[in-house]
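Each chain, written out:
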Amino acid sequence: MALLQIEEITKEFGGLKALHAVSLHLDDGEIVSLIGPNGAGKTTLFNCITGTTPPDRGSVRFNGEEIVGRPPHEVARRGISRTFQHIRVFGQMSVLDNVMVGWDFRGRTGIFSALLRPPRVGREEAENRKRCLEVLSLFGERLLPRLNQPARELSYANRRRLEIARALVSGPRLILLDEPTAGMNPHETQQVVGLIRMICERGHSVLVIEHKMKVVMTVSDRIVVLDHGEKIAEGPPAAISTDPTVIEAYMGGRRRAQTD
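Remember, predicted model here, so these are calculated numbers, not experimental data.

Colleague: Honestly, the pattern of salt bridges in this entry has me stumped. Any pointers?
Modeller: As a working rule, side chains carrying opposite charge can pair if their charged atoms are close by. Tallied over the entire structure, the rule returns 12 salt bridges. The partner of Lys11 in a salt bridge is Asp56, with the nearest N and O atoms 3.5 Å apart. Residue Lys11 is located in strand 1 (residues 4-13), and its partner Asp56 is located in the loop between helix 1 (42-50) and strand 4 (57-62); the two are separated by 45 residues in the primary sequence. Taking the relative accessible area as the measure of exposure, Asp56 reaches 40% and is therefore partly exposed. A salt bridge links Asp28 to Arg173; the nearest nitrogen and oxygen atoms lie 2.8 Å apart. Linking Asp28 in the loop between strand 2 (16-26) and strand 3 (31-35) with Arg173 in the loop between helix 6 (156-168) and strand 7 (174-178), this pair joins segments that are 145 residues apart in sequence. The class of Arg173 is partly exposed, set by a relative accessible area of 30%. Within the structure, one salt-bridge network assembled from shared partners comprises Glu30, Arg222, Lys231 and Glu234.

Written out as structure tokens, the structure reads:
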């Protein structure tokens, strides 16, 4: 049984079909890349998976359970976390506090417990802090020395890393990465490639949207290609790199951009 099974997902916005009958699967321990020209529907598919934009039709099953119609926090509780195309960190909060937010929905502390602070609240916070430090250690000198630094003061690349750390801390079975290397130089990009591999080695499955084809070809077990909201190809990197339909989608996109 696939860890994630998507069947015939369709989503329209005012008559515009952002997704049309898209089906794909992801197995436990896989890294699958989702690629396609701008406007192909990639982020919309992420939103349909995580519940932020419910599909009009179709099914999303995670670990055998239907999750369409569930709110985002319930999807997260079942073991799916994500990052975003446009970075979403809490700029006024410290690096550590930003990561601790990623575990908050799994905590047992309610409003009254937070006010009265029985001993278990302190224990839970200590456990949360320890877990967050373990995740931050994966990023080495990029984030660990900056634990108390406001997130707004981080470099662009480090804010990307911080968002990934926050997504990891809840221990998801599946993590969705939306353009994790966007805005990074080649050295930073290669570090993220290593990080994605390490995430998979730690027992997480990964579905990643990425525009840098060198990254896609290096890190992917399989690649799914969208164009105009439809799946046009799927397969291993070697097959996708020579697929004429995929080449036309990208080259056609360039020609359209030049004539606009």
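Further notes follow.
Colleague: Help me out: how do you make sense of the pairing of strand 3 in this one?
Modeller: Here is the key point about a regular strand: its side chains alternate between the two faces of the sheet. By the criterion of burial, strand 3 is predominantly enclosed, with five of the five residues buried. Along strand 3, one buried face is formed by Ile31, Ser33 and Ile35 and the opposite face, lined by Val32 and Leu34, is buried too. Of the strand pairs in this sheet, strand 3 and strand 8 (residues 205-209) are connected by four bridges, and their pairing is parallel. Opposite Val32, over in strand 8, you have Leu207 as the bridge partner. In the sheet, strand 3 pairs with strand 9 (residues 222-227) via four bridges, with the strands oriented parallel. Bridged to Ser33 within strand 9 is Ile223.

Colleague: Would you explain the sheet that holds strand 4 in this entry?
Modeller: Strands in a sheet are paired, the pairing made by backbone hydrogen bonds, and the direction either parallel or antiparallel. Strand order in the open sheet made by the four strands is 2-1-4-5, with antiparallel pairing throughout. The strands lining the two open edges of the sheet, one partner per strand, are strand 2 and strand 5 (65-66). With seven bridges joining them, strand 1 and strand 2 adopt antiparallel strand pairing. Counted as the bridge partner of Ile6 is Leu24 from strand 2. Of the strands in this sheet, strand 1, strand 2 and strand 4 are in contact with helix 1, which crosses strand 1 at around 115°.

Calculation rules
- Residues numbered from 1 in each chain as written.
- Predicted model: local features only at pLDDT ≥ 70, side-chain atom pairs only at ≥ 80, totals over all residues.
- Heavy atoms only, no water.
- Salt bridge = Lys/Arg side-chain N within 4 Å of Asp/Glu carboxyl O.
- Helix = DSSP H or I, 4+ residues; strand = E, 2+ residues; numbered from the N terminus.
- Buried < 20%, exposed > 50% of the residue type's maximum accessible area, 1.4 Å probe, protein only.
- Pairing = 2+ DSSP bridges.
- Contact = heavy atoms within 4.5 Å.
- Axes fitted to C-alpha atoms, helices over the stretch in contact; angles between N-to-C directions.

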